[in-house]
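# Structure at a glance
Each chain is listed here by its residues.
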Amino acid sequence: MKKIKLDIVGLSYSQTQSGAYALVLGEVNGRRRLPIIIGGFEAQAIAIEIEKMTPSRPLTHDLFKSFALAYNITVEEVIIYNLVDGIFFAKLVCNDGKKSIEIDARTSDAIALAVRFECPINTYEFILSTAGIMIEGNDFVFLENIDAPTEEKVATAATNYSSLSDEELKEKLQQALTEEAYEKAAKIRDELSKRKSS
């Protein structure tokens, strides 16, 4: 299967899940985005590395990198290889100079390590066509303050889309994409997909 390269294009506080974050991966040389919901700790680990901040003590992902490098092991690639019931599956492709092995990992941990090892993040077409969102307009980058979520950020609740018509959903999807609310757009897309398959 042909791999599709992804970049991190956004990280923001989740609009629908308290304490969670939306990590948005973008198709390189393409217009599709892959929103993934991750926990606060992993979001912080990714943001700290992207912003090139140095914590006073090593975070777990920094410790993993130091340990791996001490034994001449590098992470060559992260592959998001499957999607089952809304959960993404990822693996690390590691090499010690003699052999290459694949290690199963949570997608959020795999990406936190990818930014530390500066290795590519790849996925497959079926994942992007199933869970990806097409955008219009220019690329964007938004990184919010991961350490201090405000009450306004926490106060949002999940919306029930099942009561809306297909036309209303499509309108809301377009509005969410315009506002770069990719997590919200993913939920609307999931509702539309559920209706098509039933």
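Residues numbered from 1 in each chain as written. Predicted model: local features only at pLDDT ≥ 70, side-chain atom pairs only at ≥ 80, totals over all residues. Heavy atoms only, no water.

## A word on the packing of helix 1 (residues 40-50) against helix 3 (residues 107-117)
Running from amino to carboxyl end, helix 1 crosses helix 3 at an angle of 15°, the nearest separation of the two axes being 9 Å. Between helix 1 and helix 3, the angle falls in the class roughly parallel. Crossing of helix 1 over helix 3 shows left-handed handedness. Of the residues in helix 3, those in contact with Glu-42, Ala-45, Ile-46, Glu-49 and Ile-50 of helix 1 are Ser-108, Asp-109, Ile-111, Ala-112, Val-115 and Arg-116. Taken together, the residues of the contact of helix 1 with helix 3 sort by class into 6 nonpolar, 1 polar and 4 charged. (Axes fitted to C-alpha atoms, helices over the stretch in contact; angles between N-to-C directions. Helix = DSSP H or I, 4+ residues; strand = E, 2+ residues; numbered from the N terminus. Parallel < 35°, antiparallel > 145°, perpendicular 65-115°, else oblique. Left-handed = near helix turned anticlockwise from the far one by under 90°. Contact = heavy atoms within 4.5 Å. Nonpolar A, V, L, I, M, F, W, Y, C, P; charged D, E, K, R; others polar.)

## Considering the pairing of strand 5 (residues 87-95)
Along strand 5, 7 of the 9 residues are buried, which leaves the element largely enclosed by surrounding structure. As paired strands, strand 4 (residues 74-84) and strand 5 are joined by 9 bridges and run antiparallel to one another. Looking across to strand 5, one finds that Val-75 is bridged to Cys-94. Taken together, strand 4 and the strand that follows it, strand 5, pair antiparallel across an intervening segment of 2 residues, in which Asp-85 is found at a positive phi of about 50°. Of the pairings in the sheet, the one linking strand 5 to strand 6 (residues 100-106) comprises 7 bridges and is antiparallel in character. Each residue of the ladder has a partner; that of Phe-89, found in strand 6, is Arg-106. The hairpin formed by strand 5 and strand 6 contains 4 residues between the paired strands, and Gly-97 there has a positive phi angle of roughly 95°. (Buried < 20%, exposed > 50% of the residue type's maximum accessible area, 1.4 Å probe, protein only. Pairing = 2+ DSSP bridges.)

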